[in-house]
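Here are the chains, one letter per residue:
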Amino acid sequence: MQQAEVILADGKLTEAKADQLAKIQKQVGLPTEYAQKIIKNITTTKLSSAIEASISRGQIGIQQVRGLKEANFQLDSLIAEPLRENIYKKSVEEIFSSGTGEFDEEEVYVKIPADLIINAEKAKSIVQDIAKIRLDNALVQAVALLRQKKKDEVVRKEYPCISPTYLFYVGT
């Protein structure tokens, strides 16, 4: 097992590495099915680590996760739940920040949580928390602008932020 981990340290299985692993398998007398399980386990662990690092750097979003799902990867074993929740939060924040004022409830409450294997109630709670924070921040900014007697800026800058966010929060 340790020799296999050393050979597959980068997580990539090449033809040369497969030949090395086959030699080790014969030396040890390991049945092919067990050898394949060991190789799959090592490469999956390496892939999982690489994916988690990419998520932490913000390089993987819902579209990439959907691609992994379509490629028949088991997301629940590949990506830890807190990281899947982070991807969900990032997706919801992008929707709130899009500036369109549109909110597709089915996408946000059903499709994205299903793709990320997140509980629907947990997803709804996350959306409400994000909306509340955004609303609080927008209201503080609006009050600050009003105190500065900049009514036009409130209407121009803050109303577009407050209005859709408030509707999302109140509508949920």
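I keep staring at the environment of Ala123 and nothing clicks. Help me out?
On the secondary structure map, Ala123 appears in helix H8 (residues 120-147). For the pair formed by Ala123 and Tyr88, sequence separation is 35 residues and the distance between their alpha carbons is 7.8 Å. Each residue touching Ala123, except ones within four places of it in the same chain, is listed here: Tyr88, Pro113 and Ile118.

It is not clear to me how the packing of aromatic side chains should be interpreted in this structure. Could you clarify?
Both the distance between ring centres and the angle between the ring planes are used here to describe each pair of aromatic rings. Using the criterion set out here, one finds 0 aromatic pairs in the structure. Between Lys124 and the ring centre of Tyr109, over which it is positioned, the NZ or CZ distance is 5.8 Å.

What's the story with the packing of helix H6 (residues 81-97) against helix H7 (residues 105-116) in this structure? I'm lost.
It is at 10 Å that the axes of H6 and H7 come closest, and there the two elements cross at 150 degrees. In terms of orientation, H6 lies roughly antiparallel with respect to H7. As H6 packs across H7, the resulting crossing turns out to be right-handed. Contact residues: Arg84, Ile87, Tyr88, Ser91, Val92 and Ile95 in H6; Val108, Tyr109, Ile112, Pro113 and Leu116 in H7.

Looking at this structure, how should I read the layout of surface pockets?
A probe matching the size of a water molecule, rolled over the atoms, marks out where space remains unfilled. Approximately 250 Å³ is the volume attributed to the largest pocket. Lining the largest pocket are Lys40, Asn41, Thr44, Thr45, Leu47, Ser48, Asn72, Phe73, Gln74, Ser77 and Leu78. Going through the elements one at a time, helix H3 (32-56) and helix H5 (75-78) are the ones with two or more residues in the lining of the largest pocket. Element by element, the count of residues in the lining of the largest pocket is highest for H3, at 6 residues. Looking at side-chain class alone, the lining of the largest pocket contains 3 nonpolar, 7 polar and 1 charged residues.

Could you clarify how one ought to interpret H3 in this entry?
Since there are 3.6 residues in each turn of an α-helix, residues three or four apart along the chain are aligned in direction. Here H3 is 25 residues long and its end C-alpha atoms lie 36 Å apart, about the 36 Å a rise of 1.5 Å per residue gives. Those residues of H3 hidden inside the fold are in contact with helix H1 (2-7), helix H2 (15-28), helix H4 (62-70), H5 and H6. In the segment just after H3, Gly58 is the residue with positive phi, at about 80 degrees.

Any chance you could explain the pattern of salt bridges here in plain terms?
Side chains that differ in charge, positive against negative, can pair when their charged atoms come close. Scanning the entire structure with this criterion turns up 5 salt bridges. A salt bridge links Glu107 to Arg66, with the shortest nitrogen-to-oxygen separation between them at 2.8 Å. Within this pair, whereas Glu107 is found in helix H7, its partner Arg66 is found in helix H4, the two being separated by 41 residues in sequence. Accessibility expressed as a relative area gives 18% for Glu107, which makes it buried. Residue Lys122 is joined to Glu85 by a salt bridge in which the shortest nitrogen-to-oxygen separation is 4.0 Å. Taken together, the residues span a long stretch of sequence, with Lys122 in helix H8 and Glu85 in helix H6 at a distance of 37 residues. Connected through salt bridges with shared partners, the residues Arg66, Lys69, Glu107 and Asp115 form a single ionic network.

Honestly, the confidence of the model for the protein in this entry has me stumped. Any pointers?
Close reading of the predicted structure is inappropriate where its pLDDT is low. Of the residues in the protein, 84% reach a pLDDT of 70 or more, and the chain-wide mean stands at 79. Within the protein, the lowest mean pLDDT, 56, falls on helix H9 (residues 151-171), and the highest, 92, falls on H7.

Would you take a moment to explain the nonpolar core for this structure?
Across soluble globular proteins, you tend to see nonpolar side chains buried next to one another. Counting 25 residues, the largest nonpolar core has Ile79, Tyr88, Leu116 and Val127 as its most contacted members. Elements with a minimum of two residues in this core: H3, H4, H5, H6, H7 and H8. Discounting residues that sit within four places of it in the chain, Tyr88 has contacts with Val108, Tyr109, Ile112, Pro113, Leu116, Ile118, Ala123, Ile126 and Val127.

Reading guide: rules and limits
Residues numbered from 1 in each chain as written. Predicted model: local features only at pLDDT ≥ 70, side-chain atom pairs only at ≥ 80, totals over all residues. Heavy atoms only, no water. Helix = DSSP H or I, 4+ residues; strand = E, 2+ residues; numbered from the N terminus. Contact = heavy atoms within 4.5 Å. Phe/Tyr/Trp six-rings, centres within 6.5 Å; stacked < 30°, edge-to-face > 60°. Lys NZ or Arg CZ within 6 Å of the ring centre and 35° of its normal. Axes fitted to C-alpha atoms, helices over the stretch in contact; angles between N-to-C directions. Parallel < 35°, antiparallel > 145°, perpendicular 65-115°, else oblique. Left-handed = near helix turned anticlockwise from the far one by under 90°. 1 Å grid on protein atoms, 1.4 Å probe; cavity = no way out; pocket = protein on both sides within 12 Å on 5 of 7 lines; lining within 4 Å. Points joined across faces, edges and corners; volume = space filled by probe spheres on them. Nonpolar A, V, L, I, M, F, W, Y, C, P; charged D, E, K, R; others polar. Expected span 1.5 Å × (residues − 1). Salt bridge = Lys/Arg side-chain N within 4 Å of Asp/Glu carboxyl O. Buried < 20%, exposed > 50% of the residue type's maximum accessible area, 1.4 Å probe, protein only. pLDDT = per-residue confidence, 0-100. Core = buried A, V, L, I, M, F, W, Y, C linked by side-chain atoms within 4.5 Å.

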